[in-house]
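# A look at the structure
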Amino acid sequence: MANPVLKPADTAIHTFDAATLGALQTALRGKVLDASADGYDEARTIWNAMIDRRPALIVRCVGASDVMRAVRFAVDNQLPIAVRGGGHNIAGNAVCDDGLVIDLSQMKSVRVDPITQRAWVEPGATLADLDKETQSFGLAVPTGINSTTGVAGLTLGGGFGWITRKFGLTIDNLLSADIVTADGVLRRASASENPDLFWAIRGGGGNFGVVTAFEFQLHKLGPQVLAGLVVHPFDDAERLLKEYQRIIASVPDELTCWVVMRKAPPLPFLPEEWHGREVMVLAMCYAGDLAQGEKATAELRKLGKPIADVVGPNPFAGWQQAFDPLLAPGARNYWKSHDFIELSDPAIAVLLQAVRQLPGPECEIFIGHVGGAAGRVAPDATAFPQRSAHFVMNVHARWREATMDKACIDWSRKLFDAAAPHAAGTAYINFMPADESSRVQAAYGENYSRLAQVKRRYDPTNQFRMNQNVTPAGS
Ligand SMILES: Cc1cc2nc3c(=O)[nH]c(=O)nc-3n(C[C@H](O)[C@H](O)[C@H](O)COP(=O)(O)OP(=O)(O)OC[C@H]3O[C@@H](n4cnc5c(N)ncnc54)[C@H](O)[C@@H]3O)c2cc1C
């Protein structure tokens, strides 16, 4: 069967005459790049090296006015639109073949008001940009665990990481957004302005327009938090996973502990004889007082006979970057994901079997620990419906050579299929690869039909379809 992830790079693309391009450029503050322009290849390159697409035009926007122009130009010229925030999405929707990319990567400003504890964030900012500004005031907003991820895509899909159990999903902290809709008009979405749009963009992804600014509620945190890794031999994984699950069932919201299973990378704190061997890692963070954190993590840290325990006080902004070296751009990646209410014995057996068959040194299974404050929000309060899952598994196949594509993708799919009967049935749209469009409706569950209504109102002709697409109601 042809692999839908792999697309030919040499697709023929539209070209525009000098007058048309010149008029567009004159109307912009930013820059328009066609395939012949310097910087075109760099601008069409994203985090996942599997994605090799050739847009007709890339508009590097520097403000909302550029975004409005770019949307109108694309609609008038019937060009498919792709929107690029941080360029991290696994499905590669930040770039399209033969369409127009609205590239927001130059719009990186983050403004913090420490008095009202709010931040205004442009859509090209990364999590590192956001953390740097907010942590300068001892403030934070919950986001994800890899600091080079874009705030924009992460927020619009939901967003969870180390402090989500304490403060909620990223969207639970979104107060308002400025958004250019398919008619090229800049609108504001908040609880009091266009509330239907505000509901939809909190989990509904890039379906409703291009967000040009986010306003977040911040929380006091750190700057030091208790965080780090406890690394165990994989042989103990079955017993440890069961104990882990028993313990975290009653930990406070401040404590989050993810599980990572993979071959040990050559980290300086791991004895050399463990490098390249399967390990199970407990990665934890306590979002509160350091001494309380010692108490809350004690039982987890007493488990088994770890190879290393490097849990200790760390700057929160530094801990947010802890996994960056393992998740750097440029590798080939394919993901599969399930939500779990619990890790049942059969689910654990499936996971362990897959770790014994890892196809490469960078392939891994992440089990994200959610719940807490994020789980106490009603499933229909925002478009993000799956509030009762306690774990989000991400099967993360990652490799370098195209010759390994089949082995790595097959491994990921096989594990996904075997785990499906034990999973919750919902899915996180931000972890879905390009070939999962049929899963979008199930991912939104009861919220899908309301999303489709909002889509019909703001994007009736589905101009924003390079995403985990919600089709307009009635279309
Ligand atoms: C290494 C890695 C680690 C990750 N870890 C986490 C994690 O811990 N927690 C978590 O929740 N997620 C995590 N993710 C998933 C991440 O949330 C998604 O990949 C997200 O889409 C990335 O956003 P981006 O802006 O970087 O991506 P992009 O590829 O630029 O954008 C993704 C999509 O979002 C939409 N979009 C982006 N910007 C805008 C905008 N301004 N207006 C409208 N639509 C827009 C578009 O549809 C676009 O196709 C991780 C991803 C990676 C690659």
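Note that residues are indexed from 1 along each chain, following the sequence as it is written. Local features in this predicted model are restricted to residues of pLDDT 70 or higher, and side-chain atom pairs are both shown and tallied only at a pLDDT of 80 or more, whereas totals for entire chains, interfaces and linings draw on every residue. As a rule here, side-chain values cover all heavy atoms of the structure and leave hydrogens and water aside.

Glancing now at the overall build of the protein chain. In DSSP terms, a helix is any run of H or I states spanning at least four residues, a strand is any run of E spanning at least two, and both are numbered starting from the N terminus. When helices and strands are tallied, the protein chain shows 14 helices and 19 strands. Against the 2.2 N^0.38 benchmark of 23 Å for 475 residues, the protein chain shows a C-alpha radius of gyration of 22 Å, consistent with a compact globule. Considering only C-alpha atoms, the protein chain reaches an extent of 70 × 55 × 40 Å along its principal axes. Each residue is placed in one exposure class: buried if its accessible area under a 1.4 Å probe, protein chains only, is under 20% of its type's maximum, exposed if it is over 50%, and partly exposed if it falls in between. Burial analysis of the protein chain (475 residues in total) assigns 58% to the buried set. We call two residues contacting when some pair of their heavy atoms lies within 4.5 Å. The long-range fraction of contacts in the protein chain, counting pairs at least 24 apart against all pairs at least 6 apart in sequence, stands at 73%. Under the convention used here, a 1.4 Å probe and the Shrake-Rupley method define accessible areas, while residue burial counts only the protein chains that appear. Total accessible area computed for the protein chain in this model is approximately 18300 Å², and 53% of it derives from carbon and sulfur atoms. Asp and Glu count as negative and Lys and Arg as positive, but His and the ends of the chain are not part of the count. Just so you know, the charge point we use is NZ for Lys, CZ for Arg, CG for Asp and CD for Glu. Distance between charge centres in the protein chain, computed from 46 positive and 51 negative side chains, equals 2 Å. As defined in this context, the radius of gyration uses C-alpha atoms, and a globule is described by 2.2 Å times the residue total to the power 0.38.

Nearness here has a simple test: a residue counts as near a molecule or strand if at least one of its heavy atoms is within 4 Å of that partner. Around the ligand sit 35 residues in total, of which Gly85, Gly87, Asn89, Phe160 and Tyr428 are the nearest. A 3.5 Å cut-off defines polar contacts: any pair of N or O atoms within that distance qualifies, except that in protein one atom must be a possible hydrogen donor and the other a possible acceptor, and neighbouring residues in sequence count only when both atoms are side-chain atoms. For the ligand, a nitrogen atom lies 2.8 Å from a polar atom in the backbone of valine 211. In this structure, an oxygen atom belonging to the ligand sits 3.2 Å away from a side-chain N or O atom of asparagine 430. Compared with its free state, where it exposes 950 Å², the ligand has 97% of that area covered by protein. Listing elements by their share of the shell around the ligand, those giving two or more residues are strand S3 (81-84), helix H5 (151-157) and strand S10 (210-217). Following the grouping adopted for this structure description, the nonpolar residues are Ala, Val, Leu, Ile, Met, Phe, Trp, Tyr, Cys and Pro, the charged ones are Asp, Glu, Lys and Arg, and the polar ones are all others, Gly among them. Here the shell around the ligand is built from residues that sort into 18 nonpolar, 16 polar and one charged.

Multiplying 1.5 Å by the helix residue count minus one yields the expected span of that helix. The first and last C-alpha atoms of helix H9 (residues 290-302) sit 18 Å apart over 13 residues, in line with the 18 Å expected at 1.5 Å per residue. Its axis deflected by about 35° at alanine 296, H9 carries its strongest bend there. Within the sequence span of H9, burial applies to Gly293, Ala296, Thr297 and Leu300. A side-chain oxygen of the first residue of H9 lies 3.1 Å from the backbone nitrogen of alanine 291; this N-cap is aspartate 289. Residue glycine 304 follows H9 closely and has a positive phi angle near 55°. At any given residue, the bend is defined as the angle formed between two axes, one fitted to the seven residues that end at that position and one fitted to the seven that begin there.

Next up on the list: the nonpolar core. Here, the term nonpolar core denotes a set of buried Ala, Val, Leu, Ile, Met, Phe, Trp, Tyr and Cys residues that are joined through side-chain atoms within 4.5 Å. Counting 47 residues, the largest nonpolar core has Tyr244, Met261, Leu282, Leu300, Ile365 and Trp411 as the members making the most contacts within it. Considering each element in turn, this core owes the most residues, seven residues, to helix H11 (residues 345-356). Those residues in contact with leucine 300, other than ones at most four positions away along the chain, are Tyr244, Ile247, Ile248, Leu255, Cys257, Leu282 and Met284. Counting 41 residues, the second largest nonpolar core, distinct from the first, contains Ala125, Trp199, Met432 and Tyr458.

What follows covers empty space enclosed by the protein. Definitions used for this entry: grid spacing 1 Å over protein atoms alone; cavity, a set of points where a 1.4 Å probe fits but cannot get out; pocket, an open set with protein on both sides within 12 Å along at least 5 of 7 lines; lining residue, one with an atom within 4 Å of a point. Grid points are joined across faces, edges and corners, and a volume is the space filled by probe spheres set on the points. Inspection of every chain in the model, using the stated rule, returns five cavities of 30 Å³ or more. In this structure, the second largest cavity spans a volume of roughly 110 Å³. Residue composition of the lining of the second largest cavity, by class: eight nonpolar, three polar and two charged.

Pairing between strands is defined by DSSP: at least two bridges between them are needed. Spatially, the five strands line up as an open sheet ordered S5-S6-S10-S8-S9, and their pairing is antiparallel. Edge positions in the open sheet fall to strand S5 (110-113) and strand S9 (186-190), since each of these has one partner strand only. The average undirected angle you get between the axes of adjacent strands in this sheet is 15°. For strand S6 (residues 118-121) and S10, the ladder comprises four bridges, and the chain directions are antiparallel. For every element, the axis is a line fit to its C-alpha atoms; helices are fit only across the contacting stretch, and the angle between N-to-C directions ranges from 0 to 180 degrees.

Each neighbour pair has its own omega, and for glycine 222 with proline 223 the value is 10°, a cis peptide bond. Its identity as a non-glycine residue notwithstanding, aspartate 98 has a phi of 60°, on the positive side. Secondary-structure assignment places aspartate 98 in the loop between S3 and strand S4 (100-103). For aspartate 98, a relative accessible area of 19% corresponds to the buried category. The backbone of asparagine 462 sits at a positive phi, close to 55°, despite the residue not being glycine. Tracing the chain through its elements places asparagine 462 in the segment after helix H14 (448-458). Overall, the relative accessible area of 10% leaves asparagine 462 in the buried class.

All right, on to the packing of aromatic side chains then. Between the rings of Phe, Tyr and Trp (Trp by its six-membered ring), a pair exists once the centres lie within 6.5 Å; its type follows the angle of the planes, with under 30 degrees stacked, over 60 edge-to-face, and the other angles tilted. Per the counting criterion, the structure on display carries 16 aromatic pairs. Pairing tryptophan 162 with tryptophan 258 gives two aromatic rings, centres 5.3 Å apart and planes at 45°, and the pair type is tilted. Taken together, the residues span a long stretch of sequence, with tryptophan 162 in the loop between H5 and helix H6 (164-167) and tryptophan 258 in strand S13 (residues 255-263) at a distance of 96 residues. We note that tryptophan 162, like tryptophan 258, is buried. Both rings, one in tryptophan 162 and one in tryptophan 319, keep their centres 5.1 Å apart while their planes meet at 45°; by these two values the pair is tilted. Remark: tryptophan 319 occurs in helix H10 (residues 316-319) and tryptophan 162 occurs in the loop between H5 and H6; sequence separation between them is 157 residues. Since its relative accessible area comes to 1%, tryptophan 162 is described here as buried. Under the relative-accessibility criterion, tryptophan 319 is labelled buried at 6%. An aromatic cluster is defined as three or more aromatic residues linked by ring pairs; in this entry it consists of Trp47, Phe160, Trp162, Trp258, Trp319, Phe323, Trp335, Phe366, Phe384, Tyr428 and Phe431. Remark: a charge is flagged as sitting over a ring if the NZ atom of Lys or the CZ atom of Arg is within 6 Å of the ring centre and within 35 degrees of the ring normal. In this arrangement the basic side chain of arginine 202 is found over the ring face of phenylalanine 198, its NZ or CZ atom lying 3.9 Å from the centre. A cation over an aromatic ring shows up here: arginine 450 above the ring of tryptophan 199, its NZ or CZ 3.9 Å from the ring centre.

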